[in-house]
Amino acid sequence: MEVVICRDEEEIGRLGADVVSRLVRTRPEAVLGVATGSSPRPVYAELVARVRAGELDLSGVSTFSLDEYVGLPEGHPASYRTEIRRELTDPAGIPPERVHSPQGSAGDLPAAARAYEKRIAAAGGVDVQLLGIGSDGHIAFNEPGSSLASRTRIKTLTRRTREDNARFFDGDTDAVPTHCLTQGLATIMQARHVVLVATGEGKARAVAQLVEGAVSARWPATVLQWHPHVSVLLDEAAAAGLG
Ligand code: F6R
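Residues numbered from 1 in each chain as written. Predicted model: local features only at pLDDT ≥ 70, side-chain atom pairs only at ≥ 80, totals over all residues.

Per an unreviewed UniProt entry, the chain is named Glucosamine-6-phosphate deaminase, and its organism is Serinicoccus hydrothermalis. Under Pathway (unreviewed entry), UniProt gives the following word-for-word description of the chain: "Amino-sugar metabolism; N-acetylneuraminate degradation; D-fructose 6-phosphate from N-acetylneuraminate: step 5/5." The record held by UniProt for the chain lists under Function (unreviewed entry) the comment "Catalyzes the reversible isomerization-deamination of glucosamine 6-phosphate (GlcN6P) to form fructose 6-phosphate (Fru6P) and ammonium ion." (UniProt positions renumbered as here; feature names shortened; annotations may be inferred.)

Shown next, in the form of structure tokens:
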């Protein structure tokens, strides 16, 4: 695991975008795993800026989102599919038919979870997976206690995660869905390169566990210690708990 402590979000954006740019230069049809939430936004902003400047062409890539809320109607402004299209794929010119997300509005959610795993495999797996981390150490929506061997499935969101995410629902925790479809920890571990971004003091404890804690389902992100190629991009506040 390589840990890079960056000066600011711009530097995080540049380093994260460099990983994607290098990949796409050699493999224009690369498969990107994409997280939603605030952490990866500097990377997405930099990628979009490079596309607009004509320095990067992302029109051949496919994306696979980590997770989706259950029960939000298609096109809901806080749905993760809407968010990833708004923040990255539409402005970066990635065609919507190659933008994949778990189908949180499906009638048969277990079938939708199995279908999502098959779609990732059929695409040849994820080349670079961008990740954030929750203040409780979750990655995707694998909350504490998630099996390290888990695959895409339905999960219940903790009260803490719903409170953390209420900012995307006009501050109303009760409006945040109670369930999601999420890639499992074993699904994420199959990505060939993982780039995790964390900023702000609220992430310091989770980052310390990720880098220096014992591998345990209590802090799900710690499973990444077993991954052969992980880059962790931090600001100083998020790095404050490291020894
Ligand atoms: C989002 C996701 C979550 C977030 C995490 C951190 O797709 O999978 O694990 O990465 O909750 O969220 P932010 O970046 O908003 O602090």
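There is more to say after this.
### What about the nonpolar core?
In terms of nonpolar packing, the biggest core is built from 62 residues, with Leu 47, Ile 133, Leu 196 and Val 207 touching the most fellow members. With five residues, strand S9 (residues 193-198) is the single largest residue contributor to this core. The contacts of Leu 196, once residues within four sequence positions are left out, are Leu 131, Ile 133, Leu 224, Val 230 and Val 232. (Core = buried A, V, L, I, M, F, W, Y, C linked by C-beta atoms within 7 Å. Buried ≥ 20, exposed ≤ 12 C-beta atoms within 10 Å, placed from the backbone. Helix = DSSP H or I, 4+ residues; strand = E, 2+ residues; numbered from the N terminus. Contact = placed C-beta atoms within 7 Å.)

### Some details on the site of the ligand
Lining the immediate surroundings of the ligand are 15 residues, of which Thr 36, Gly 37, Ser 38, Ser 39 and Gly 132 lie closest. Here the residues of the shell around the ligand are counted per class, giving seven nonpolar, seven polar and one charged. (Near = placed C-beta within 6 Å. Nonpolar A, V, L, I, M, F, W, Y, C, P; charged D, E, K, R; others polar.)

### Quick word on the sheet that holds strand S8 (residues 179-182)
Read from one edge of the open sheet, three strands run S4-S8-S7, paired in antiparallel fashion. At either end of the open sheet lies a strand with only one pairing partner, and these are strand S4 (67-69) and strand S7 (153-156). Ignoring strand direction, the axes of neighbouring strands in this sheet form an average angle of 30°. With three bridges connecting them, S4 and S8 associate as antiparallel partners. What sits directly across from Tyr 69, in S8, is Cys 180. (Pairing = 2+ DSSP bridges. Axes fitted to C-alpha atoms, helices over the stretch in contact; angles between N-to-C directions.)

### Side note on the sheet that holds strand S1 (residues 2-5)
Read from one edge to the other, the open sheet built from seven strands follows the order S1-S10-S9-S6-S2-S3-S5, with strand pairing classed as parallel. Because the sheet does not close on itself, it has two edges, and the strands there are S1 and strand S5 (99-100). Inspection of the sheet shows S9 paired to strand S10 (residues 230-234) by five bridges, in the parallel sense. Opposite Val 197, over in S10, you have Leu 233 as the bridge partner.

### Quick word on the environment of Gly 125
Relative to the helices and strands, Gly 125 is located in the loop between helix H4 (109-122) and strand S6 (128-131). According to the C-beta neighbour criterion, Gly 125 is partly exposed, with 15 such atoms within 10 Å. The spatial distance from the C-alpha of Gly 125 to the C-alpha of Val 31 is 7.0 Å, given a sequence separation of 94 residues. The residues contacting Gly 125, other than those within four sequence positions of it, are Val 31, Ile 120, Gln 190 and Arg 192.

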